[in-house]
Amino acid sequence: MREEYLDPEYLPEILPHRENEIEAVFEMLRPVAEGRKPVNVFIYGPAGIGKTAVAKFVLRKFEEEGVRGVYINCWYFRTEGAIITEFLRQLNIPVPRKGRSVDELVREFMNNVEGEKIVVVLDEIDAVESEKVLYEMSRCGNLGIVLISNDPYAFRKFDQRIISSLAPHSIEFRRYSVDEICDILKERARIAGLEYEEEAMRVAARFTYMHGSDIRYGLLLLLRAGRLAEGEGEKLKIEHLKKVEVEENPKREMRKEELGEEHKKIIRALELMGGEASSGEVYRKYREIGGLGAERTFRKYVSELIKLGMIKAEESVGRGRTRILKL
Ligand code: ADP
Ligand code: MG
């Protein structure tokens, strides 16, 4: 089995059941290839259903037509300076690390984008700290912009002028059906050279559907069960699927590893409380398991986690106002 083809980071050559979405995104941006103003795109929908994969696929398609593609995940590049520096870096434009103000970077950006054919994907846009960068990008007439988020209302807090300047066309990505998941997983199994029994694949698809159609979940299931099957010198069977564990939300687990220690402790505290508790209760639990932050710091960390989409908060109005935190 060639495990790398089951890795959730791998971008396959074909994306079954996303042909229409690929076409739609490509069509909106196509004017870039002719040096004209494109329609920007906003892609939204739940986790693990091919939003990033489709966007990267479209960039690859554009590169074949002489349009340069830039992919930036705002989870890793959050500030205006970080985003523009990364943008320039991907276009091989040298940027001295030190002594550059954001204004100078923006000027450098403007000078280099003018007259060029470029499509930029800003993934996980809800994680950006300054949306001003979107204003600058939207003012470059010939730059195509794709924004991606799990949250359909990702822009609600943005300045109205920025939204009108971007004027993105929204495309909703819907979760896959069991049959669609089955086709997608089969294709990944095929390129990975994983042999399977037909009914095992149906079961893997159903499990994946039960986990929000998150294909990452399905791929990890195939990978782990596939290893087990291979170890026994057998094809993948239902019993192998039943023996392995896959984390409920693979992406959140992965991201958790990248958080700072105190943030991790807050998530851990919330997990220990069954995934939902009032802010005060989570704070007490957080201190109990060794959290160092005082209440104010704790609240700051919590708002950061909310911004990152790691937890949600709801105001519950009962006796007094309580904030309920949820995983
Ligand atoms: P999202 O960005 O919507 O959270 P991704 O695009 O990262 O999800 O997809 C998660 C994983 O599932 C990736 O490995 C991706 O290649 C795979 N995937 C999603 N949709 C498809 C599809 N239609 N065909 C093949 N692989 C897919
Ligand atoms: Mg994604």
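Residues numbered from 1 in each chain as written. Chains lettered and ligands numbered in written order. Predicted model: local features only at pLDDT ≥ 70, side-chain atom pairs only at ≥ 80, totals over all residues. Heavy atoms only, no water.

Help me understand the overall build of the chain, please; the structure alone is not making it clear to me.
Helix and strand counts for the chain stand at 14 helices and eight strands. Radius of gyration (C-alpha) of the chain: 22 Å, near the 20 Å computed for a compact globule of 327 residues. C-alpha extents for the chain along the principal axes are approximately 60 × 55 × 40 Å. Per-residue burial for the chain yields a buried fraction of 46% across its 327 residues. A gap of 5 Å separates the mean positions of the 55 positive and 58 negative side-chain charges of the chain. (Helix = DSSP H or I, 4+ residues; strand = E, 2+ residues; numbered from the N terminus. Rg over C-alpha atoms; globule rule 2.2 N^0.38 Å. Buried < 20%, exposed > 50% of the residue type's maximum accessible area, 1.4 Å probe, protein only. Lys, Arg positive; Asp, Glu negative; His and termini not counted. Charge placed at Lys NZ, Arg CZ, Asp CG, Glu CD.)

Would you mind going over the site of ligand 1 with me for this structure?
The full set close to ligand 1 counts 20 residues, and Pro8, Pro16, Gly48, Thr52 and Tyr176 are the nearest of them. At a separation of 2.6 Å, an oxygen atom of ligand 1 approaches a polar backbone atom of proline 8. Within the complex, 97% of the 560 Å² of free accessible area of ligand 1 lies under protein. Looking at the shell around ligand 1, the elements with two or more residues in it are helix 2 (51-64), helix 7 (178-192) and helix 9 (215-231). In the shell around ligand 1, the residues fall into 13 nonpolar, three polar and four charged. There are two domains that each give the shell around ligand 1 at least three residues, and those are domain 1 (18-172) and domain 2 (178-249). (Near = heavy atom within 4 Å. Polar contact = N/O pair within 3.5 Å; in protein donor to acceptor, adjacent residues only side chain to side chain. Areas by Shrake-Rupley, 256 points an atom, 1.4 Å probe, with all protein chains shown as cover. Nonpolar A, V, L, I, M, F, W, Y, C, P; charged D, E, K, R; others polar. Domains from an automatic or database assignment.)

How do you make sense of the pattern of salt bridges when you look at a structure like this?
A side chain with one charge may pair with a side chain of the opposite charge, provided their charged atoms come close. This model, assessed by the stated rule, comprises 27 salt bridges. For arginine 18, the salt bridge goes to glutamate 21, with nearest N and O atoms at 3.1 Å. Residue class for arginine 18 comes out buried when judged on its relative accessible area of 4%. Its salt-bridge partner being arginine 156, residue aspartate 151 comes within 3.2 Å of it at the nearest N-O pair. By relative accessible area, which is 56% here, arginine 156 ends up exposed. One connected set of salt bridges, linked through shared partners, spans Glu124, Lys251, Arg255 and Glu258. (Salt bridge = Lys/Arg side-chain N within 4 Å of Asp/Glu carboxyl O.)

Would you mind showing me how to read helix 1 (residues 19-29) here?
Since the α-helix packs 3.6 residues into each turn, any two residues three or four apart lie on the same face. Here helix 1 has its buried residues at Glu21, Ile22, Val25, Phe26 and Leu29. What you see down the axis of helix 1 is that its buried residues fit within an arc of 130°, all on one side. The inward-facing, buried residues of helix 1 abut strand 1 (41-44), helix 2, strand 3 (118-123), strand 4 (143-149) and strand 5 (169-172). (Arc of directions from axis to C-beta. Contact = heavy atoms within 4.5 Å.)

Please explain the packing of aromatic side chains as it appears in this structure.
Scanning all chains against the criterion turns up nine aromatic pairs. Geometrically, the ring pair formed by tyrosine 5 and tyrosine 10 is edge-to-face, given 4.9 Å between the ring centres and 80° between the ring planes. Classification of tyrosine 5 by relative accessible area gives buried; the value is 17%. Pairwise contacts between aromatic rings join Phe42, Tyr44, Phe155 and Phe158 into one cluster. In this structure, lysine 61 packs its charged tip against the face of phenylalanine 26, placed 4.5 Å from the ring centre. Over the ring of tryptophan 75 we find arginine 255; its NZ or CZ atom is 4.3 Å from the centre of that ring. (Phe/Tyr/Trp six-rings, centres within 6.5 Å; stacked < 30°, edge-to-face > 60°. Lys NZ or Arg CZ within 6 Å of the ring centre and 35° of its normal.)

Sorry, what's going on with the pairing of strand 2 (residues 68-73) here?
Side-chain direction in a regular strand flips from residue to residue, so the side chains alternate between the two faces of the sheet. Burial analysis of strand 2 places five of its six residues in the buried class, which makes it a mostly covered element. Inspection of the sheet shows strand 2 paired to strand 3 by six bridges, in the parallel sense. By the bridge assignment, isoleucine 72 is partnered in strand 3 with leucine 122. (Pairing = 2+ DSSP bridges.)

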